[in-house]
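What follows is the residue order along each chain.
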Amino acid sequence: MAAKIIDGKALSKKLREQIKKDAEALKSKGINPSLSVIIVGEDPASKTYVKNKRLACEEVGIKSDVYELPESTTSEELLSLVEKLNADESVHGILVQLPLPGHLDEKVVIENIRIDKDVDAFHPQNVGRIMIGDFDFLPCTPAGVMEIIDEAGVEVKGKECVVVGRSNIVGKPQAMLLLHRHGTVTICHSRTKDLKEVTRRAEILVAAVGKAKMITADMVRPGAVVIDVGMNRDENGKLCGDVDFENVKEVASVITPVPGGVGPLTITMLLKNTIKAAELRLSGKA
Ligand code: NDP
């Protein structure tokens, strides 16, 4: 039987309706939730992401300010803007669009964002809090994956979970979130010896690699829940995931498509974190 295909757009729409209500509730208490996004340079993909973030904010009633800085921006200039936004009480979330041009040190920039405004949850202190399970902000993409798992009605507790990819922004935090839900989690990477042997054990398989259609049907345990984080171009230039969707959907019980799966949820989780940042301010915790 073919897998249930999760519609990330529809789920995202549902979640954004709640976020809109949360934004209205904050406004009625005198807090106007706001996100500041900084982009440096002219990278077209980054520009598209920033535009989508701005539109998503508009959709749910979050105020957004986009700071477009030239490629030639110095580290001092960028850090001074971050500092200004850190100090501005009307700003709840700050996001610096990555990647930054090569002459700017991303690590230093992220470490300078106030932790209670770090809505991407990339600051080492927030990363550490995710590790110990005591966090305010969830990392956006892994949080979106968890929303999908919940939407599919899948219980993680006791399940064999395999995450392929160990990046700081997806693979590692994803593994942590599954672990917090009591999954038995294995993380695979480029040095994993027999990937297929490991992925075939997965009842929940998350692919976050960045290699078009690398997870083939023979690598998937029948009935598995397969979540595809990858965003790649296939041989015809068409957007595709890390999973060979057409064939894997015949083996899996639940699957996410690309596009229209995890992607739409990532920005929705950013909106959720911005609301959370504004709520922290309201409660006096920020
Ligand atoms: P990275 O390039 O940072 O990490 C890729 C990971 O995959 C690494 O840990 C790497 O291992 C591992 N890997 C590479 N080749 C193999 C292999 N042959 N077998 C097993 N593991 C392998 O990527 P990201 O985590 O940033 O992103 C992953 C994918 O998710 C990309 O396609 C990206 O575009 C997409 N993405 C999608 C988002 C969304 O909103 N839908 C958001 C963020 C990312 P090693 O560590 O050993 O090098």
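Scroll up to find the structure this text is about.
On a predicted model such as this, the values are computed, not experimentally measured, just so you know.

## Side note on the packing of helix 5 (residues 124–132) against helix 7 (residues 171–180)
Working step 1: At their nearest, the axes of helix 5 and helix 7 sit 9 Å apart, and the two run at 30° to each other. Taken together, helix 5 and helix 7 sit at an angle that is classed as roughly parallel. Judged by residue contacts, Ile130, Met131 and Ile132 of helix 5 engage Met176, Leu177 and His180 from helix 7.
Working step 2: Partitioning the contact of helix 5 with helix 7 into residue classes produces five nonpolar, one polar and no charged.

## Here we look at empty space enclosed by the protein
Working step 1: This model, assessed by the stated rule, comprises one cavity of 30 Å³ or more.
Working step 2: Looking at the largest cavity, its volume works out to about 50 Å³.
Working step 3: Around the largest cavity, the lining residues are Ile94, Leu95, Val96, Ile110, Ile113, Asp118, Asp120 and Phe122.
Working step 4: Residue contributions to the lining of the largest cavity peak at three residues, all from strand 4 (residues 93–96).
Working step 5: Of the residues in the lining of the largest cavity, the class split is six nonpolar, no polar and two charged.

## Remarks on the pattern of salt bridges
Working step 1: In this structure the tally under the stated criterion is 19 salt bridges.
Working step 2: Notably, a salt bridge pairs Glu151 with Lys14, separated by 2.9 Å at the nearest N-O pair. Here Glu151 is found in helix 6 (residues 140–151), whereas its partner Lys14 is found in helix 1 (residues 8–28), with 137 residues between them in sequence.
Working step 3: Residue classification places Glu151 among the partly exposed residues on the basis of a relative accessible area of 36%.
Working step 4: Given the relative accessible area of 46%, Lys14 is considered partly exposed.
Working step 5: Residues joined in a network through salt bridges with shared partners are Glu89, Arg114, Asp116 and Arg281.

## Focus on the sheet that holds strand 4
Remark on secondary structure: sheet strands pair via backbone hydrogen bonds, oriented parallel or antiparallel.
Working step 1: If you walk across this open sheet you meet the three strands as 3-2-4, and the pairing is parallel. This sheet does not close on itself; its edge strands, each paired only once, are strand 3 (63–69) and strand 4. Within this sheet the neighbouring strands show an average axis-to-axis angle of 15°, counted without direction.
Working step 2: When strand 2 (residues 34–40) meets strand 3, the two strands line up parallel, connected through seven bridges. Within the sheet, the bridge partner assigned to Ser34 lies in strand 3 and is Lys63.
Working step 3: On the sheet, helix 2 (residues 44–60) packs against strand 2, strand 3 and strand 4 and is oriented at approximately 170° with respect to strand 2.
Working step 4: Along the sheet face, helix 3 (residues 75–87) touches strand 2, strand 3 and strand 4 and points at about 180° away from the line of strand 2.

Rules and cut-offs
- Residues numbered from 1 in each chain as written.
- Predicted model: local features only at pLDDT ≥ 70, side-chain atom pairs only at ≥ 80, totals over all residues.
- Heavy atoms only, no water.
- Axes fitted to C-alpha atoms, helices over the stretch in contact; angles between N-to-C directions.
- Helix = DSSP H or I, 4+ residues; strand = E, 2+ residues; numbered from the N terminus.
- Parallel < 35°, antiparallel > 145°, perpendicular 65-115°, else oblique.
- Contact = heavy atoms within 4.5 Å.
- Nonpolar A, V, L, I, M, F, W, Y, C, P; charged D, E, K, R; others polar.
- 1 Å grid on protein atoms, 1.4 Å probe; cavity = no way out; pocket = protein on both sides within 12 Å on 5 of 7 lines; lining within 4 Å.
- Points joined across faces, edges and corners; volume = space filled by probe spheres on them.
- Salt bridge = Lys/Arg side-chain N within 4 Å of Asp/Glu carboxyl O.
- Buried < 20%, exposed > 50% of the residue type's maximum accessible area, 1.4 Å probe, protein only.
- Pairing = 2+ DSSP bridges.

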